[in-house]
Structures are given as C-alpha cells and as structure tokens.
Amino acid sequence: MEKKSTLLIVDDAPSNIQLLAGLLKDKYQIKIATDGQRCLDLAQSDPVPDLILLDVQMPEMNGYEVCRHLQANDSTRQIPIIFVTGKDQTEDEEFGLILGAVDYIIKPYSPAIVEARVATHIKLKQQNDALRRLAMEDQLTGLYNRHVLMDVSTKRISQAHRHNLTLSVLMIDIDHFKAVNDEHGHSVGDAVLRQVAAIFKQQIRTEDVIARFGGEEFVIILDNCDLAKGTKKAELLRAALTGSPIEGLRVSASFGLAQLRDKDETFEQVLHRADEALYNAKNNGRNRVELAD
Ligand SMILES: [Mg+2]
C-alpha cells in the first residue's frame, strides 16, 4: 500500500483545525500545530510534512512570518504552503503568494475546493520529489551521482577546514571491468556495478558520502578519518568485495586514499591526489590500497 502523504495544519483556533482535519484525515496523515513555533518544529520532524496549511492571523508569530522562516531554512524550503485565511483582500492574497506560498484559500471555503487544491499540490510535490531524486541519483546504482558528489564534498571540505577536522577521500576503480562487459555482456556488467555499490554501501557509515563517479569508478568521503583509519576502511571494502563472488565472477577493485591537507586544499585537489594513488594501485598489481603522499 502506498504511504499516505502528510499534511501539517496550523491554526490558533482548534475548531478550524478540526474542520480541516475532518475533511482531509481519510486521505492524509495529519499533524497539527496551534502556533507558529510549533509549526516550525514539526516541519523538521519525522514524518516531514508534504504540505502545510497555514493560518495567517495568529498571535505571537503570524502566518506570513512562519512562511518566511520556512522559506529561509534549507530543510523546510521545499515544503509547499497554502495559506488558509479569512483575510480576503487581494493585497493579502498577493502578499502571501509573493512570500512563496503555492496557493491561498479564503474562509469560508468550499470543502470540495479545499480537497481538490490539496490533492493538486500534493501531486505536484510528489512529482518534484521524484525529479529531485532523479537529479541526484545515479540511475544504475542508486548512489549519489557525480554532480551531487561535487556539491556535497565541497560543503564537507569547507566544514572540515573551518573546524579543523580530519577528512579523507577514497577513490575506487573496479579491476578489469572492461573484460566483464566484453566477455559477459553489458547486463552482467550492470549487475556487477549494482552489487559492488550495494556491498560498499553496506560497509560504510551513514555519514559517509558515497557516489558513483563515472563508469566503474566510485568515490567515498570519509569524515573524521586519517590515513590510518581510512586504510582500515579501504581494506574492509576490498575484503568484502573479494569475499563475495558477483554473478559467479571474482570481482576486485583498486583503491587510492588521500587525506585532506590543512590550509586551503580544495576537493578537486585532494581528489586528484586520491586518483594518483589509485593509479599506483593499478600499476602495483591491482586489488590493493595505495596512499597519496
Ligand atoms: Mg487565526
């Protein structure tokens, strides 16, 4: 069964919440808040709402302010907001839409119209989420794609520099992958890539970033890892790979590891050093880990 989408209904008058919740509770999972601060908290807690129905006139923080806060925060910006309000001046509606709300419903409303508009915006949200996933994921392996890797890594690295944290970059290339494709066909090659990705994903911590860099190349960002810890990690990955035949084949990979230098080393620079170490691993016989100087 498909998971129900979640609506967050925000209104300082409980009777208004009851009315809307009564109308929508069969189709959606409902969260409720009677003030702006509670709305901001719930917008960031699981399950994150797919849509917020937001009253405008509330004491302390009004709906417009709540909307501004939601829009200013990276983790809540993508949640669509519909204002539900008794303010029926055109300027009010314009103001709400300028703030970034997707729609504006004026009380008293027709229940059928509320249901229809909510359904429309939930559908748009689902389509947007699917597009975001498509844009971020490598389609074959479900790992991050190269584009997201560059973005996320740049952030991780400036964080590491700022707080003086250790960080290492691991670059991995499957050995003799071309021969797999040539001898067994591309569908086997694809299956190998998917399985290798799954094995790596199983071995890393949730905070580690892993991406398919291209072809049969993968990159892993290891937070709080120096060369010694990173080597242990890489050896674990190497052993996990050689320990489990994939599609009846013995698959191995070569690993290049580089630790971020202090000062201003960029992601491109540390990645380049990891790539050089990987090149050495290939030259020194493959199925091994080499460290950058
Ligand atoms: Mg109110």
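Everything discussed here concerns the structure shown above.
Predicted model only: the values in this text are computed from it and were never measured.

Criteria and cut-off values
Residues numbered from 1 in each chain as written. Predicted model: local features only at pLDDT ≥ 70, side-chain atom pairs only at ≥ 80, totals over all residues. Heavy atoms only, no water. Helix = DSSP H or I, 4+ residues; strand = E, 2+ residues; numbered from the N terminus. Rg over C-alpha atoms; globule rule 2.2 N^0.38 Å. Buried < 20%, exposed > 50% of the residue type's maximum accessible area, 1.4 Å probe, protein only. Contact = heavy atoms within 4.5 Å. Areas by Shrake-Rupley, 256 points an atom, 1.4 Å probe, with all protein chains shown as cover. Lys, Arg positive; Asp, Glu negative; His and termini not counted. Charge placed at Lys NZ, Arg CZ, Asp CG, Glu CD. Axes fitted to C-alpha atoms, helices over the stretch in contact; angles between N-to-C directions. Parallel < 35°, antiparallel > 145°, perpendicular 65-115°, else oblique. Nonpolar A, V, L, I, M, F, W, Y, C, P; charged D, E, K, R; others polar. Polar contact = N/O pair within 3.5 Å; in protein donor to acceptor, adjacent residues only side chain to side chain. Pairing = 2+ DSSP bridges. 1 Å grid on protein atoms, 1.4 Å probe; cavity = no way out; pocket = protein on both sides within 12 Å on 5 of 7 lines; lining within 4 Å. Points joined across faces, edges and corners; volume = space filled by probe spheres on them.

### As for the overall build of the chain
Thought 1: Counting secondary structure elements, the chain contains 10 helices and 10 strands.
Thought 2: A compact globule built from 293 residues would reach a C-alpha radius of gyration of about 19 Å, whereas the chain, at 25 Å, exceeds it by more than 25%.
Thought 3: The C-alpha extent of the chain, read off along each of the three principal axes, is 75 × 45 × 25 Å.
Thought 4: Relative to its full complement of 293 residues, the chain shows a buried share of 44%.
Thought 5: Partitioning the contacts of the chain with sequence separation of at least 6, the portion at a separation of at least 24 is 64%.
Thought 6: As presented, the chain carries roughly 15500 Å² of accessible surface, and 49% of it is formed by carbon and sulfur atoms.
Thought 7: Where the 35 positive side-chain charges of the chain centre and where its 44 negative ones centre are 4 Å apart.

### Notes on the packing of helix 7 (residues 177-184) against helix 8 (residues 186-203)
Thought 1: Between helix 7 and helix 8, whose axes approach to 7 Å, the crossing angle comes to 140 degrees. Of the possible angle classes, the one that applies to helix 7 and helix 8 is oblique. Between helix 7 and helix 8, the residues in contact are F177, V180, N181 and H184 and H186, V188, G189, V192 and L193, respectively.
Thought 2: Taken together, the residues of the contact of helix 7 with helix 8 break down into five nonpolar, four polar and no charged.

### Remarks on the side chain of D11
Thought 1: Relative to the assigned elements, D11 resides in the loop between strand 1 (6-10) and helix 1 (14-24).
Thought 2: Of the residues examined, D11 reaches a relative accessible area of 4% and is grouped as buried.
Thought 3: Of note is the side chain of D11, whose polar atom sits 2.9 Å from the backbone nitrogen of A13.
Thought 4: At a separation of 3.3 Å, a polar atom in the side chain of D11 contacts the side chain of N16.

### Examining the environment of K232
Thought 1: Residue placement: K232 occurs in helix 9 (residues 227-242).
Thought 2: Residue K232 is classed as exposed on the basis of its relative accessible area, which comes to 65%.
Thought 3: For the pair K232 and V289, spaced 57 residues apart in sequence, the C-alpha to C-alpha distance is 9.7 Å.

### Observations regarding the sheet that holds strand 7 (residues 209-214)
Thought 1: Spatial ordering of the open sheet is given by 7-8-6-9-10, a layout of five strands whose pairing is mixed. Sheet topology places strand 7 and strand 10 (289-291) at the edges, where each strand pairs with a single neighbour. Within the sheet, the average angular offset between the axes of one strand and its neighbour, ignoring direction, is 20 degrees.
Thought 2: Relative to strand 8 (residues 217-223), strand 6 (residues 167-174) runs antiparallel, the two being bridged by seven bridges. Following the sheet pairing, L170 is matched in strand 8 by I220.

### Points about the sheet that holds strand 2 (residues 29-33)
Thought 1: Spatially, five strands are ordered 2-1-3-4-5 in an open sheet, and the strand pairing comes out parallel. One side of each edge strand has no neighbouring strand; the edge strands of this open sheet are strand 2 and strand 5 (103-106). The sheet shows a mean angle of 20 degrees between the axes of neighbouring strands, direction not considered.
Thought 2: Of the pairings in the sheet, the one linking strand 4 (residues 81-85) to strand 5 comprises four bridges and is parallel in character. Paired with V84 across the two strands is I105, which belongs to strand 5.

### Observations concerning the layout of surface pockets
Thought 1: If you add up the space inside the largest pocket, you get close to 430 Å³.
Thought 2: Broken down by element, the lining of the largest pocket gets its largest block of residues, six residues, from helix 5 (residues 111-136).

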